[in-house]
Amino acid sequence: MAKSNILVTGSLGQIGSELVTALNQKFSPDAVLSSDIQTPPAGYPNEFALLDVTDPEKLENCIHKHSITTIYHLVSLLSATGEKDPQKAWQVNIGSLKTVLDLAVKYHLKVFWPSSIAAFGPNTPKDQTPQDTIMQPTTMYGVTKVAGELLCQYYHQKYGVDIRSLRYPGIISWKTEPGGGTTDYANYMFFKAVKNEAYVCFLSKDTQLPMMYMDDAIKATLDLMAAPAEKLTVWTSYNLSAFSFTPERLHAEISRHLPFSVTYSPDFHQPIADSWPHSIDDSVARRDWNWSPEYNFSRFVTVMLKFLKSPHV
Ligand code: SER
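Residues numbered from 1 in each chain as written. Predicted model: local features only at pLDDT ≥ 70, side-chain atom pairs only at ≥ 80, totals over all residues. Heavy atoms only, no water.

The name given to the chain in an unreviewed UniProt entry is NAD-dependent epimerase, and the organism recorded there is Candidatus Amesbacteria bacterium RIFOXYB1_FULL_44_23. UniProt, in the comment section headed Sequence similarities (unreviewed entry), describes the chain in these words: "Belongs to the NAD(P)-dependent epimerase/dehydratase family." (UniProt positions renumbered as here; feature names shortened; annotations may be inferred.)

Here you go:
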């Protein structure tokens, strides 16, 4: 297969670490350059660049040196971390995206960039949130996602950049711990449950949010990037959905498999979660590039517990 020269930024993060594995399988580890601001573990399978993406010169040198043709630009501060340091969230999330888009024009790069359900706000319709709707987020993370979506669309229309994006729901996985998100409570519930430890949830028991198992998020990312450009009608970011649940429902489902105790102590994460949709209408993604998730709620819980209990099977 032809060498693809793919760069993944934020490659040691929750999504990056699994996307690199999937890209290695789809292309080959030789085709995938991984980068992050931390160093990878010993035995890491890919060539690695220690890279701060807020430094445009370093990023350009990397793209030039490795003849990069495609970037998955995953670097981002998430919602809770972003509220603790809004200036840094803007600088990292938007500053680096602007640099990537400018370099995409110069080097004719194809780009993937993640948006989020956080791009919606308290006055967005909460149930089956449509593709095109009111977007007035109240977190800095959400502000960077709306601004980023518009920037992507602008670079597509003005310069013809092939930049594709998904509004990820909360993503749950067992391989790498997430960091700094509001939907992360769901990940922590699983990690605590398999260790037989009680969990204190930072959201109220009835907070319903859209969620997805990691494998479906990776599948969606690869499918969107492989879709013929002429089929795509959205150049901001596609709504994407699998299932929604509340902490109480997840607790009940996990408890069908093993004994598990959860108490609720909502904190500063609660108003963030309250500003987001309950469920998402992803019919445009289904129509344009045949999106369809493979995991429903109960299959996802079963698979998460199985892998967390026996990671090497
Ligand atoms: N999972 C993200 C967060 O909770 C939302 O995109 O911040």
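Can you break down the pairing of strand 2 (residues 32–36) residue by residue, with the values?
Across the 5 residues of strand 2, 5 count as buried, placing the element largely inside the fold. Of the two faces of strand 2, the one holding Val-32, Ser-34 and Asp-36 and the one holding Leu-33 and Ser-35 are both buried throughout. In the sheet, strand 1 (residues 6–9) pairs with strand 2 via 3 bridges, with the strands oriented parallel. Across the sheet, the residue bridging to Val-8 is Ser-34, located in strand 2. Following the chain from strand 1 across helix 1 (residues 14–26) to the adjacent parallel strand 2, one finds a crossover that is right-handed. (Buried < 20%, exposed > 50% of the residue type's maximum accessible area, 1.4 Å probe, protein only. Helix = DSSP H or I, 4+ residues; strand = E, 2+ residues; numbered from the N terminus. Pairing = 2+ DSSP bridges. Right-handed = clockwise from strand over helix to strand, strands pointing away.)

Describe the environment of Ile-172, listing the residues and the values that go with them.
Secondary-structure assignment places Ile-172 in strand 7 (residues 170–172). Residue Ile-172 is classed as buried on the basis of its relative accessible area of 0%. Residues Ile-172 and Phe-300, spaced 128 residues apart in sequence, show a C-alpha to C-alpha distance of 9.1 Å.

Give me the nonpolar core: which residues, what numbers.
Among the nonpolar cores identified, the biggest contains 39 residues, and Tyr-185, Phe-190, Phe-245, Leu-250, Ile-254 and Phe-300 are the most heavily contacted of them. With 8 residues, helix 11 (residues 297–309) is the single largest residue contributor to this core. Residues contacting Phe-190, with those up to four places away along its chain left out, are Ile-172, Leu-250, Ile-254, Phe-300, Val-301, Met-304, Leu-305 and Leu-308. Ranked by size, the runner-up nonpolar core spans 33 residues in total, among them Ile-15, Leu-224, Trp-235 and Val-284. (Core = buried A, V, L, I, M, F, W, Y, C linked by side-chain atoms within 4.5 Å. Contact = heavy atoms within 4.5 Å.)

Can you explain the pattern of salt bridges? Please cite residues and give values.
A side chain with one charge can pair with a side chain of the opposite charge if their charged atoms come near. By the definition in use, this model includes 12 salt bridges. Salt-bridge contacts for Lys-58 lead to Asp-55; the nearest nitrogen and oxygen are separated by 3.6 Å. Looking at Lys-58, the relative accessible area reads 47%, which means it is partly exposed. Residue Glu-60 pairs with Lys-106 through a salt bridge whose shortest N-O separation is 2.7 Å. Here Lys-106 lies in helix 4 (residues 86–107) and Glu-60 lies in helix 2 (residues 56–65), a separation of 46 residues in the sequence. Glu-60 sits in the partly exposed class, given a relative accessible area of 21%. (Salt bridge = Lys/Arg side-chain N within 4 Å of Asp/Glu carboxyl O.)

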